[in-house]
Amino acid sequence: MQNSLRPLCLSLETLHRVKSRMLEAMERGLSRRTHSQATVRMLPAFIRSTPDGTERGEFLVLELGDTHLRVLLMELSGDTDQRVTMKERCFPVPDAIAQGPGEKLFAFLATCLWEFLDGLHMPKTDFELGFSFPFTCRQTRLDQSYLISWSKRFQCAGVEGRDVVVLLQDAINKQDRYHIKVIAVVNDTTGTMMSCDASAGPCEVGLVVDAGTNSCFMAEARHVEVVEESEGRMGVVTEWGSFGDDGALNDMLSPYDLQLDQASLNPGRQSEQVGLATARRVLRALGLEASDQDCFNMQQVCKAVCIRAAGLCAAGLAAIVSHMCRNRELSRLKTSVAVDGAVFRAHAKFSQTLQQLVKQLAPECDVTLVQAEGSSKGIGMVTAVASRLAAQRLQVNQTLALLQLSPAALGTVQALLRREMELGLKKETNAMSSVRMLPTYICATPDGSERGDFLALDLGGTNFRVLLVKVGSRERGGVQIISEVYSIPPHVAQGPGSQLFDHIVECIADFQTKQGMMGQTLPLGFTFSFPCQQTSLDQGILLSWTKGFNASGCVGQDVVKLLREAVKRKNHFALDVVAIVNDTVGTMMSCGYHDPNCEVGLIVGTGTNACYMEQLRNVGTLAGEEGRMCINMEWGAFGDNGCLDAFFTPFDRQVDEASLNPGRQRFEKLISGMYLGEIVRRILLELTDKGCLFRGRLSPKLQTPDIFQTKFLSSIESDGLALRQVCAILEELGLHVSCEDSVLVREVCQVVARRAAQLCGAAVAAVVEKIRENRSLEQLAVTVGVDGTLYKLHPHFAQQVQETVRQLAPRCSVTFLQSEDGSGKGAALIAAVACRVARHQRA
Ligand code: ADP
Ligand code: MG
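Predicted model only: the values in this text are computed from it and were never measured.

Before we go on, may I ask you to explain the overall build of the chain in this structure?
Along the backbone of the chain there are 26 helices and 26 strands. Its C-alpha atoms give the chain a radius of gyration of 36 Å, clearly above 28 Å, the size a compact globule of 843 residues would have. Seen through its C-alpha atoms, the chain measures out along the principal axes to roughly 125 × 65 × 50 Å. Every one of the 843 residues in the chain was classed for burial, and the buried ones make up 57%. If you average the places of the 86 positive and of the 94 negative side-chain charges in the chain, the two averages end up 2 Å apart.

Whenever I open this one, helix H4 (residues 102-120) confuses me. Can you help?
Three or four residues apart is the spacing at which side chains of an α-helix point the same way, because the helix has 3.6 residues per turn. Here H4 contains 19 residues, and its C-alpha end-to-end distance of 28 Å stays within 8% of the 27 Å for a straight helix at 1.5 Å per residue. Taken together, the buried positions of H4 are occupied by Gly102, Leu105, Phe106, Phe108, Leu109, Ala110, Cys112, Leu113, Trp114, Phe116 and Leu117. A positive phi of about 50° marks histidine 121, the residue just after H4.

Where do I start with the site of ligand 1 in this structure?
Around ligand 1, a shell composed of 13 residues is seen, among which Gly461, Thr462, Thr606, Ser714 and Thr789 lie nearest. Between threonine 606 and ligand 1, the recorded distance is 2.5 Å, taken from a side-chain N or O atom to an oxygen atom. If ligand 1 stood free it would expose 560 Å²; the protein chains cover 74% of that surface. Where the shell around ligand 1 is concerned, the elements lending two or more residues are helix H20 (673-689), helix H21 (710-717) and helix H24 (789-793). Classifying every residue of the shell around ligand 1 by side-chain character gives 3 nonpolar, 9 polar and 1 charged.

Is there a simple way to think about the environment of aspartate 126 in this case?
For aspartate 126, the position within the fold is in strand E5 (residues 126-132). Spatially, the C-alpha atoms of aspartate 126 and phenylalanine 59 are 9.6 Å apart, while their sequence positions differ by 67 residues.

I would appreciate a short explanation of the domain arrangement of the chain in the present structure.
When the parts of a complex come together, some accessible area is lost, and that lost area is often used as the size of the interface. In terms of domain boundaries, the chain breaks down into domain 1 (1-37 + 201-372), domain 2 (39-195 + 373-400) and domain 3 (409-840). The C-alpha centroid of domain 3 is placed 56 Å from the C-alpha centroid of domain 2. Contact residues are listed per partner, giving 14 residues for domain 2 and 13 residues for domain 3. Summed over both sides, the interface between domain 2 and domain 3 buries roughly 1100 Å², with carbon and sulfur atoms accounting for 57% of that surface. In this assembly, domain 2 and domain 3 are joined by 2 salt bridges. A salt bridge links arginine 393 to glutamate 747, with the nearest nitrogen and oxygen atoms 2.7 Å apart. For the pair domain 2 and domain 3, the number of links is 6 residue pairs in polar contact (both at pLDDT 80 or more). Its residues placed into classes, the side of domain 2 that touches domain 3 shows 3 nonpolar, 7 polar and 4 charged.

Would you explain the packing of aromatic side chains in this entry?
A ring pair, where both rings are aromatic, is described by two values, the distance of the centres and the angle of the planes. One pass over the structure, following the stated rule, counts 19 aromatic pairs. A centroid spacing of 4.9 Å and a plane angle of 80° characterise the contact between phenylalanine 530 and tryptophan 545, whose relative ring orientation is edge-to-face. One end of the pair, phenylalanine 530, is in the loop between strand E18 (523-528) and strand E19 (532-536); the other, tryptophan 545, is in the loop between strand E20 (539-542) and helix H16 (559-570), and 15 residues separate them in sequence. Assessed through its relative accessible area of 7%, tryptophan 545 is described here as buried. Ring geometry for tryptophan 545 versus phenylalanine 549: centroids 5.7 Å apart, planes at 25°, classification stacked. The same class applies to tryptophan 545 and to phenylalanine 549, which are both buried. Pairwise contacts between aromatic rings join Phe131, Phe133, Phe135, Trp150 and Phe154 into one cluster. For the cation-ring pair, lysine 152 lies above phenylalanine 135, with the distance from its terminal atom to the ring centre recorded as 6.0 Å.

I would appreciate a short explanation of the UniProt feature "domain: Hexokinase C-terminal" (unreviewed entry) in the chain in the present structure.
In the UniProt entry, the feature "domain: Hexokinase C-terminal" (unreviewed entry) is given for residues 205-270, 275-384 and 600-833. Helix makes up 48% of residues 600-833 and strand makes up 14%, while its end C-alpha atoms are separated by 18 Å.

Quick question: what am I supposed to make of the pattern of salt bridges here?
Pairing of side chains with opposite charge becomes possible as their charged atoms draw close. Counted under the stated rule, the structure contains 46 salt bridges. A salt bridge links glutamate 115 to arginine 89, with the shortest nitrogen-to-oxygen separation between them at 3.2 Å. One end of the pair, glutamate 115, is in helix H4; the other, arginine 89, is in strand E4 (residues 84-92), and 26 residues separate them in sequence. The class for arginine 89 is partly exposed, based on a relative accessible area of 35%. Across the salt bridge formed by lysine 669 and aspartate 656, the nearest N and O atoms sit 2.7 Å from each other. Here aspartate 656 lies in helix H18 (residues 650-657) and lysine 669 lies in helix H19 (residues 668-671), a separation of 13 residues in the sequence. Comparing lysine 669 with aspartate 656 shows no difference in burial state: the two are buried. Beyond isolated ion pairs, a larger network of salt bridges with shared partners links Asp52, Glu55, Arg388 and Glu740.

What's the story with the sheet that holds strand E12 (residues 333-340) in this structure? I'm lost.
Hydrogen bonds between backbone atoms are what pair the strands of a sheet, whose relative direction is either parallel or antiparallel. Pairing is mixed in the open sheet, where 6 strands are placed in the order E1-E11-E10-E9-E12-E13. Each edge of the open sheet is held by one strand with a lone partner, namely strand E1 (43-44) and strand E13 (365-371). Pairing of strand E10 (residues 213-220) with strand E11 (residues 233-237), which is carried by 5 bridges, proceeds in the antiparallel orientation. Within E11, the residue paired with glutamate 220 across the bridge is arginine 233.

Which parts of the structure should I look at to understand the nonpolar core?
A general tendency of soluble globular proteins is for nonpolar side chains to be buried together. Membership of the largest hydrophobic core comes to 93 residues, with the highest contact counts inside it found for Leu602, Tyr612, Trp635, Phe667, Phe708 and Phe797. Dropping the residues within four chain positions of it, tyrosine 612 is found in contact with Met421, Leu425, Met437, Glu599, Val600, Met629, Cys630, Ile631, Met633, Val767, Lys770 and Ile771. The next biggest cluster of nonpolar side chains, apart from the first, holds 75 residues, and it includes Met26, Phe46, Met324 and Val382.

Explain unusual backbone geometry here, please?
For residues that are not glycine, phi is negative in most cases, and the peptide bond is trans in most cases. Even without being a glycine, glutamate 239 presents a positive backbone phi close to 55°. For glutamate 239, a relative accessible area of 26% gives the class partly exposed. Positive phi, close to 65°, is recorded for tyrosine 441, a residue that is not glycine. Assignment of secondary structure puts tyrosine 441 in the loop between strand E14 (438-439) and strand E15 (452-459).

Would you take a moment to explain the confidence of the model for the chain for this structure?
Regions with low pLDDT carry predicted coordinates that are not meant to be interpreted in detail. Scored by pLDDT, the chain has a mean of 89; 93% of the residues are at 70 or more. Scored below 50 in pLDDT, residues 265-276 makes 32 contacts in the model with residues more than four places away or belonging to other chains.

Conventions and cut-offs
- Residues numbered from 1 in each chain as written.
- Chains lettered and ligands numbered in written order.
- Predicted model: local features only at pLDDT ≥ 70, side-chain atom pairs only at ≥ 80, totals over all residues.
- Heavy atoms only, no water.
- Helix = DSSP H or I, 4+ residues; strand = E, 2+ residues; numbered from the N terminus.
- Rg over C-alpha atoms; globule rule 2.2 N^0.38 Å.
- Buried < 20%, exposed > 50% of the residue type's maximum accessible area, 1.4 Å probe, protein only.
- Lys, Arg positive; Asp, Glu negative; His and termini not counted.
- Charge placed at Lys NZ, Arg CZ, Asp CG, Glu CD.
- Expected span 1.5 Å × (residues − 1).
- Near = heavy atom within 4 Å.
- Polar contact = N/O pair within 3.5 Å; in protein donor to acceptor, adjacent residues only side chain to side chain.
- Areas by Shrake-Rupley, 256 points an atom, 1.4 Å probe, with all protein chains shown as cover.
- Nonpolar A, V, L, I, M, F, W, Y, C, P; charged D, E, K, R; others polar.
- Domains from an automatic or database assignment.
- Contact = heavy atoms within 4.5 Å.
- Buried area = accessible area lost by both parts, 1.4 Å probe.
- Salt bridge = Lys/Arg side-chain N within 4 Å of Asp/Glu carboxyl O.
- Phe/Tyr/Trp six-rings, centres within 6.5 Å; stacked < 30°, edge-to-face > 60°.
- Lys NZ or Arg CZ within 6 Å of the ring centre and 35° of its normal.
- UniProt positions renumbered as here; feature names shortened; annotations may be inferred.
- Pairing = 2+ DSSP bridges.
- Core = buried A, V, L, I, M, F, W, Y, C linked by side-chain atoms within 4.5 Å.
- pLDDT = per-residue confidence, 0-100.

Below, the structure is given as structure tokens:
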């Protein structure tokens, strides 16, 4: 007896081998290249989510069985304790229908449906329907499935090769009392997975062990190569019943399996089909008569067969959960597994063994087996989830459509900016324009002959910096920079102006002390990145604060004078301020040092702005006709006169209203780092409110202003980032997200960043086109010097800016050159040019 049973005992080591072969077989099924020959087919089921408990409404189910058609109405309450009520009716399917023409079958299905609905006497007439059609099909969408072949009792003419959804929908549409839309074709294994209650945590695996066996799970969509999608999850039916058909299990099969296989209807196929019913045949194969002893023996045999079946299932299940854990880049996976089938219902031992063995075979996974609640409920749930996803998608699309700009819209932005530029340049219309077009008194880019040591200050964004810049010959290393970063606390940035400038002077003193240059007075370039009206290179009247600065007593004052007064108050060293420089200008100058074609400066950091070389004759606000001057556009304020109102979304208006400078810097608030994260947060709030995110629950965290920083947009959009990492980033923010949530958050980030980049590109296009027209050129080659962390670190921003410029300014060939420390180096170069000019004038 024991000798006979020995071949049925599989060691843990053998099961580990089965597991790893199953993993390999699954990989072959998922790969596009090997999918069609794989023994484990891994068929996509087009299920993108499991129930999250918010599904609600009434859903119809048609479940075509071997002898009966079951029609069912499922109602979901959608509240905290998702209540499910079901009404159902069964109709026998006569032979004449099962083996008649296809039209008759589908007409029969539709008639049963109406009869059922009529009997319910409901006022409601609009329904969505899930269809369980248990034959071999090629499914290409959740609501598209082509019959490959009939089986069992069914053989209806004219259906093979056709989409059964279309056939059913056509039959249903033949009346107009009810409006029923077939939205899902469902396989029974996925129905099992979807029938489980969401409250106990996610159930992302389904396992059926009945007359046959099959399993399904939620895979990462990007690993399911046969479907186009790469975002989110995709239900996959393994079709693992045929695992081993290629001989992968041959060395583990016992002599009984070989006999069983020979005797079966399809030798060589479905070799894992080791249900308990087979025990009897094994017994017969042993030639035993049914005495008491035989019965005991029989029990032993049954037990051995059952344990082995559980072992093989466990190996398969372990392969699935390990696969999920690995592909989700998790260190631990926790999931429920919905189980169904006669074998589970009849043999408690089977479940216990399965559970224990999975634990040993996949120790990195916490797997809980849950008895499924019947296939009808699962089919209804697939339908309800599909309905939820479709409704959410509609809401999301409507919300995000506001932020999607057509090429025509971008062309309008370009044209509007061009008009504002013209207005801003003319003396008479300057006040009407939202872009100030400020003269900078910079008339030339560097020529490379600049030399000497200079001090530079950089104020105007996140940090304040003091720099020592040594400009040498190119052979001797060009420009070398030593710098120190000092923070400006918000209470200083928004306190009295004298305090702000005192703080700046203290920082300079600290820097000079550290560098051992206390007594030295070097020429100083002051990068001050706020709008200033200049009347000379070393004088600038502050027009307004932007980007979170709001120190009192400064607007309308000469910033250089404010700095000199603070030096005087501190009374311990002298400064020789030779130039006040906007950061855009500094950026253009520092890139101009390397590339003489650089005639545009662009900043996309905390704020956004640009400058470019304009013909002096076009600058109506200044005397002089000959030559060029760099114009600081102050394009952050573009739209402050209302010309961009049509482009603002409710989210932009909310961000504007909550800012330090409502109504001002409207263009900047669509584009720059200080605002993008906040726009994203506002959209997330709206989507949560509409029930598309976080299961409709607003967390206090998400309601905190500025919680979502722009650097998160960059990390979330990084190429090839697994969803798990997106989740981790959001977890860091204290947001507890599902896989679907993180897919949607990423989409919102993409839309917001793309709009910013495209708007920025449209504005650059307006500038380069103006330069080209100024010079009456057919084609212009020009370089844009760029600085700013958003532009430099966001994974797609730069490329989208460039793409937009290519489309909107096809006659300009524009090179984008990232500046290295534009504000520091640029300020020093401007100081150097100023000193050179001054020496010339003295000589
Ligand atoms: P500033 O404009 O203040 O001189 P930066 O050019 O460094 O300085 O820009 C800082 C801004 O860049 C921050 O306010 C933040 O909004 C944004 N930022 C910081 N890190 C990133 C990142 N990794 N990706 C995109 N934007 C970022
Ligand atoms: Mg900067």
